[in-house]
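# Tertiary structure, described
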Amino acid sequence: MYPAFDRGPLAARPVFSRALFALSLALFLALLGATPACVSSAEEVPTETPSEAHYDSVKQRASIVVDFPADGLVVGPNQIRIRVEPKWGDEAAAVQLAAVSGFMPAHSHNRVEGQVSASGAASESYEVGSLDLSMPGHWQFTAHVVRDATDSDDVTFDVLVR
Ligand SMILES: [Cu+2]
């Protein structure tokens, strides 16, 4: 028979540990279960490139409308047009498209930087040139939009290059 002092508040501890272990296990299994979600992104590889598409930014601060070439994106030099639609509120004119880059997610290479220039009077419309794409397949582009030095957002979009 154990002495009485062994049965104090600590007697509850094994139960607590078991609960903690069960919780950890549940969390671990939940994380395991979440992993296939990454794989499913491969299913989002586009099968064609639309002539025009609308994409929302990561932080929902802006969205962009992309005009693709009539024949779609091809291996070689490409030019696209991007219109920025700010969601920052009443400071639309201050929002700018700062950069556009692209790469091939499957190969993690062939990164290209587009040459961004404002087109026409509307400062929210841009020509993006120098998109020299070296391989056909799935490319992911990121458009970086900024409002000021501290406020920026990214829009990613997937395209098929022929
Ligand atoms: Cu590649």
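Details of the structure are given in the entry above.
To start, this report covers the structure provided alongside it. Going along each chain's sequence as written, the residues are numbered from 1 onward. Where local features are concerned, this predicted model is filtered to residues with pLDDT of at least 70; where side-chain atom pairs are given and counted, the filter is 80 or more; whole-chain, interface and lining totals use all residues.

### Notes on unusual backbone geometry
Unlike most non-glycine residues, Gln60 shows phi in positive territory, near 60°. Going along the chain from the N terminus, every DSSP run of H or I of four or more residues is numbered as a helix, and every run of E of two or more is numbered as a strand. Inspection of the secondary structure puts Gln60 in the loop between strand S1 (52-56) and strand S2 (62-67). Here a residue counts as buried when 20 or more other C-beta atoms sit within 10 Å of its C-beta, as exposed when there are 12 or fewer, and as partly exposed otherwise, the C-beta atoms being derived from the backbone. Residue classification places Gln60 among the exposed residues on the basis of 9 C-beta atoms within 10 Å. At Ser130, a residue that is not glycine, the phi angle is positive and equals roughly 60°.

### Quick word on the sheet that holds strand S6 (residues 115-118)
Only strands joined by at least two bridges in the DSSP assignment are considered to pair. Read across the sheet, 5 strands follow the order S1-S2-S3-S7-S6 without closing on themselves; strand pairing throughout is antiparallel. The open sheet terminates on both sides in strands that have one partner only, identified here as S1 and S6. Across the sheet, the mean angle separating the axes of adjacent strands is 25° when strand polarity is ignored. Sheet analysis places S1 next to S2, joined by 5 bridges and oriented antiparallel. What sits directly across from Asp56, in S2, is Ser63. Here an angle of 0 to 180 degrees is reported between the N-to-C directions of two axes, which are lines fitted to C-alpha atoms, with helices fitted over the stretch in contact.

### Points about the sheet that holds strand S8 (residues 137-146)
Taken together, the 4 strands give an open sheet; going across it, the order is S5-S4-S8-S9, and neighbouring strands pair in antiparallel fashion. Looking at the sheet topology across the chains shown, the edges are occupied by strand S5 (109-113) and strand S9 (152-161). Strand-to-strand twist across the sheet, computed as the mean angle between neighbouring axes with direction ignored, equals 20°. Examined bridge by bridge, strand S4 (residues 96-104) and S8 share 7 bridges and lie antiparallel to one another. Residue pairing across strands places Leu97 opposite Val145, the latter belonging to S8.

### Topic: the environment of Asp158
Inspection of the secondary structure puts Asp158 in strand S9. Owing to 17 C-beta atoms within 10 Å, Asp158 belongs among the partly exposed residues under this scheme. The spatial distance from the C-alpha of Asp158 to the C-alpha of Trp139 is 5.8 Å, given a sequence separation of 19 residues.

### A few points about the pairing of S2
Going residue by residue along S2, you find Ala62, Ile64 and Val66 tucked away on one face and Ser63, Val65 and Asp67 left uncovered on the opposite face. Looking at chain direction, S2 and strand S3 (residues 76-86) are connected through 6 bridges and run antiparallel. From the neighbouring strand, Ile64 faces S3, where its bridge partner is Val84.

### Description of the pairing of S5
Where S4 and S5 come together, 3 bridges link them in antiparallel fashion. Bridging from a neighbouring strand, Gly102 pairs with Val112 of S5. Taken together, S4 and the strand that follows it, S5, pair antiparallel across an intervening segment of 4 residues, in which Ser108 is found at a positive phi of about 50°.

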